[in-house]
Amino acid sequence: MKIHLTAIIKAKEEYQTEVLEVLQNMVRETRKEEACELYSLHQGIENKNEFIFYEIWKDTAGLEQHNQQPYIQVFGALINEKLQEVPQIYKTHIL
């Protein structure tokens, strides 16, 4: 079953550029993954520190493999220091 995932990420203002660079690298690398069907990054218009990923994965196994990739681990290292809060992640499927 396909997994649709939405992630909301809020960077601290002073780290916005650095966080964006890490997120853009995640996009470049993730789109190479076989299980990735869609991986798009959006930035808030009114709040430039807010980023939203919209993702579609072929299956749970592919998403789990994605979460183990080194570029995802680099992002994980930013969470405590450079984000306003822990990312909000919503996993869904189409009914």
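What counts as what
Residues numbered from 1 in each chain as written. Predicted model: local features only at pLDDT ≥ 70, side-chain atom pairs only at ≥ 80, totals over all residues. Heavy atoms only, no water. Helix = DSSP H or I, 4+ residues; strand = E, 2+ residues; numbered from the N terminus. Expected span 1.5 Å × (residues − 1). Buried < 20%, exposed > 50% of the residue type's maximum accessible area, 1.4 Å probe, protein only. Arc of directions from axis to C-beta. Contact = heavy atoms within 4.5 Å.

As annotated in an unreviewed UniProt entry, the protein chain carries the name Antibiotic biosynthesis monooxygenase and is attributed to Chryseobacterium piperi.

Participant: I'd like to hear about helix α3 (residues 70–82), residue by residue, with values.
Facilitator: Over its 13 residues, α3 runs 18 Å from end to end, which matches the ideal 18 Å to within 8%, given 1.5 Å per residue. Turning to α3, its buried residues number three or more, namely Y71, I72, F75, L78 and K82. One side of α3 carries all its buried residues, which in axial view fall inside an arc of 110 degrees. Exposed and facing more than 90 degrees away from the buried side of α3 are P70, A77 and N80. If you follow the buried residues of α3, they end up packed against β1 (3–10), α1 (16–30), β2 (36–43) and α2 (60–66).

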